[in-house]
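Chain by chain, the residues run as shown.
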Amino acid sequence: MGSVAWAQGYTPVLCDYSAGGGVWMGAGHIQDPASQRLTWNKPPKSVLVIKKIRDAGLLRPFKELCIFLTEVKGMIVYVEKKVLEDPAIAADESFVAVKKKFCTFQDDLDDISDSVDFIICLGGDGTLLYASSLFQESVPPVMAFHLGSLGFLTPFSFDTYQSQVTQVIEGNAAIVLRSRLLVRVSRESTEKKVQGPVDETGLIITNGENNASHRTMQYQVLNEVVVDRGPSSYLSNVDLFLDGHQITTVQGDGVIVSTPTGSTAYAVAAGASMIHPNVPAILITPICPHSLSFRPIVVPAGVELTIKLSPDARNTAWVSFDGRKRQEISHGDSITITTSCFPVPSICFRDPVNDWFESLAQCLHWNVRKKQNHLSSEEEEEF
C-alpha cells in the first residue's frame, strides 16, 4: 500500500510525473491510486481553517469547528484576519475567548507555509482553490467540507465533522495528489531611458536609448489558465507552442489550459473530456474556435506550453488563473505553463476513485438517463 508522509515544509513532488499517475513497481505492477494514504511523521498540532467570506450560513459550522479544534483537540488554529472582521463574528461575545486563541494572518503579507500541518475548508470548491493560492510551494493536506453550491472538490459532509477530523488527525485517511500548473507570465517593457545603470523598477538604463526588459510573474494554478479575447469584439488570435515548437494558432474566444482537476470545471463546459486527477496530463481546450476541426487535446504532464499573442493579432488578450489575477497580454508578452512540482494533497472521504465517480454522479449528474424497459416475453418472441 502506498503512503504519503507529511511534515511541516514537505510534500510529495510530481516532478517525475509518477506520484499522481501510479508508480511502476517491479515487473509491470502499477500502484493502485486508491491505495495512497496520509501518514503523519509526527502528530499534527496546527490547522488552517478557511471559511467562505460573507456567508451567514457558515457562521455556526465555523464556530463549532474552531471550538472543537481548540478546546477538544488542543490544536493551534490559524484563521485569516478578514474572516474575524465579519461583523457577525466580531459581535459574538460568546466567541471572544476562542478568538483569543487564534493565530491570524493576512494574504500576500504573511507566510504561513512552515506553520500549518493541514487545512480545513468550509464552503464550496472556491475555498479549495483559494487554499491552493496561499501556498506557492509545498501545500499541507486539505480537508474540504461541502458547504457551498456545487461541491465537486469538497467530499466531506459537516454532519459528522468530529469523527472525520479525528480520523485525519490520527492519519486514517486516503488522499489524492491534485497536480497544479506552474505558470510564468513574462512581460516585455520598452521605455525611454535617461541615465544610470538600473531604475527602481528593475529596467536597464542605457543613456536615452530604448531598451527592452522582461519582468516575470509566477503563479501556481489548481484548475486552469484561461486566455481569452477580453472585452474586444475581435477573435482571440494567439500562438500555442509545445516544447518550443509552434503547434497551432488559436482563433476564437480563447483557450483553456487545465489540470485533470480542472477538467471538470470550465474545460468540460467547453467540450473537454473529464480526466481523473491521478492521471498525469495537461488539457488544452479551445473556447468557441472558429474552426470545425479544432478539438480539445490532452498532452503529457512533462511538456512545456507557451502562449503568445500572434504577430497579426488585431487586439490584445486577457489571462486569468483559477478565475483570479486577471490581466492583459500584449505583443512581446508570453505565458509559459508546465506541471508544478508541488501538488495539492486532497484528503478523500473514501478513496480517490470512488470520490471522483460520486462527484460525477451527484454534482454533474453524469450519464443520468431514464432506463430502458426490458422486453416482455411476447415482445421477445417477435424478434
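Cut-offs and rules
- Residues numbered from 1 in each chain as written.
- Predicted model: local features only at pLDDT ≥ 70, side-chain atom pairs only at ≥ 80, totals over all residues.
- Heavy atoms only, no water.
- Helix = DSSP H or I, 4+ residues; strand = E, 2+ residues; numbered from the N terminus.
- Buried < 20%, exposed > 50% of the residue type's maximum accessible area, 1.4 Å probe, protein only.
- Contact = heavy atoms within 4.5 Å.
- Areas by Shrake-Rupley, 256 points an atom, 1.4 Å probe, with all protein chains shown as cover.
- Salt bridge = Lys/Arg side-chain N within 4 Å of Asp/Glu carboxyl O.
- Core = buried A, V, L, I, M, F, W, Y, C linked by side-chain atoms within 4.5 Å.
- Polar contact = N/O pair within 3.5 Å; in protein donor to acceptor, adjacent residues only side chain to side chain.
- Pairing = 2+ DSSP bridges.
- Axes fitted to C-alpha atoms, helices over the stretch in contact; angles between N-to-C directions.
- 1 Å grid on protein atoms, 1.4 Å probe; cavity = no way out; pocket = protein on both sides within 12 Å on 5 of 7 lines; lining within 4 Å.
- Points joined across faces, edges and corners; volume = space filled by probe spheres on them.
- Nonpolar A, V, L, I, M, F, W, Y, C, P; charged D, E, K, R; others polar.
- Phe/Tyr/Trp six-rings, centres within 6.5 Å; stacked < 30°, edge-to-face > 60°.
- Lys NZ or Arg CZ within 6 Å of the ring centre and 35° of its normal.

Caption draft 1: Expanded view of the overall build of the protein. Secondary structure summary: the protein contains 9 helices and 23 strands in total. Taken over 383 residues, the protein has a buried fraction of 49%. Sequence-distant contacts in the protein: of pairs separated by 6 or more residues, those separated by 24 or more amount to 71%. Within the structure as shown, the protein displays about 19300 Å² of accessible surface, and the carbon and sulfur contribution to it stands at 50%.

Caption draft 2: Looking closely at helix α5 (residues 125-133). Within α5, 7 of the 9 residues are buried, which leaves the element mostly enclosed by the surrounding structure. Along α5, the residues that are buried comprise D125, T127, L128, L129, Y130, A131 and S132.

Caption draft 3: Structural detail: the pattern of salt bridges. Taken as a whole and assessed by the stated rule, the structure comprises 6 salt bridges. Among the ionic pairs, R187 bridges to D333, the shortest N-O distance being 3.1 Å. With R187 in strand β11 (residues 181-192) and D333 in the loop between β21 (324-329) and β22 (334-339), this pair connects stretches of sequence that are 146 residues apart. A residue is classified by how much of its surface remains accessible, and R187, at 23% relative accessible area, is partly exposed. Judged by its relative accessible area of 5%, D333 is buried.

Caption draft 4: Expanded view of the nonpolar core. By size, the foremost hydrophobic cluster in this structure holds 34 residues, and its most contacted members are F62, L65, L69, F102, I120, F145 and V165. Sort the elements by how many residues they give to this core and helix α1 (residues 59-72) lands first, with 6 residues. In this view, F102 contacts F62, C66, T70, V77, V79, L84 and F95; residues no more than four positions away in its chain are not counted. Counting residues in each nonpolar core, the second largest holds 27 residues, with V225, V303, V319 and I337 among its members.

Caption draft 5: Quick look at the side chain of T338. Its location among the elements puts T338 in strand β22. Assessed through its relative accessible area of 16%, T338 is described here as buried. Here T338 is in contact with R180, L181, L182, V303 and E304, once residues within four sequence places are set aside.

Caption draft 6: Fine view of unusual backbone geometry. A positive phi angle, near 50°, is found at H365, a position not held by glycine. Structurally, the position occupied by H365 is in the loop between α8 (352-363) and α9 (377-382). Positive phi, normally seen in glycine, also occurs at N367, with a value near 55°. Here N367 lies in the loop between α8 and α9.

Caption draft 7: Quick look at the environment of R187. Considering only alpha carbons, one finds R187 and S330, 143 residues apart in sequence, at a separation of 8.2 Å. There is a polar contact of 2.8 Å between the side chain of R187 and the backbone oxygen of E328. Among the polar contacts made by the side chain of R187, one reaches the side chain of D333 at a distance of 3.1 Å.

Caption draft 8: Layout of the sheet that holds strand β17 (residues 281-287). The strand order across the open sheet built from 6 strands is β18-β17-β16-β13-β20-β21, with neighbouring strands paired in antiparallel fashion. Each edge of the open sheet is held by one strand with a lone partner, namely β18 (297-300) and β21. When the angles between neighbouring strand axes are averaged without regard to direction, this sheet yields 20°. When strand β13 (residues 224-228) meets strand β16 (residues 254-258), the two strands line up antiparallel, connected through 5 bridges. Along β16, the bridge assignment pairs D228 with G254.

Caption draft 9: Layout of the layout of surface pockets. In this structure, the largest pocket encloses a volume near 580 Å³. What lines the largest pocket is a set of 27 residues, and nearest its centre among them are D107, S133, L134, F135 and Q136. For the lining of the largest pocket, the secondary structure elements donating two or more residues are α5, β12 (210-221) and β21. Broken down by element, the lining of the largest pocket gets its largest block of residues, 4 residues, from β12. Across the lining of the largest pocket, the residue classes tally to 10 nonpolar, 8 polar and 9 charged. Volume-wise, the second largest pocket comes out at about 280 Å³. Lining the second largest pocket we find 17 residues, and of these K52, I53, G126, T127 and Y130 sit closest to its centre. Counting residues per element, the lining of the second largest pocket draws most heavily on α5, at 4 residues.

Caption draft 10: Quick look at the packing of aromatic side chains. Across all of its chains, the model carries 12 aromatic pairs by this definition. Judged by centre distance (6.0 Å) and plane angle (65°), the rings of F95 and F102 are edge-to-face. When its relative accessible area of 9% is taken as the criterion, F102 is described as buried. Look at F357 and W366: their rings are 6.0 Å apart centre to centre, the planes differ by 45°, and that puts the pair in the tilted class. Its relative accessible area of 39% is what places F357 among the partly exposed residues. Looking at W366, the relative accessible area reads 45%, which means it is partly exposed. The rings of F68, F145, F156, F158, Y161 and F349 are connected pair by pair, giving a single aromatic cluster. Here K308 stacks its cationic end above the ring of F241, 5.5 Å away from the centre of that ring.

Note that all results are geometric; they support no functional claim without further evidence.
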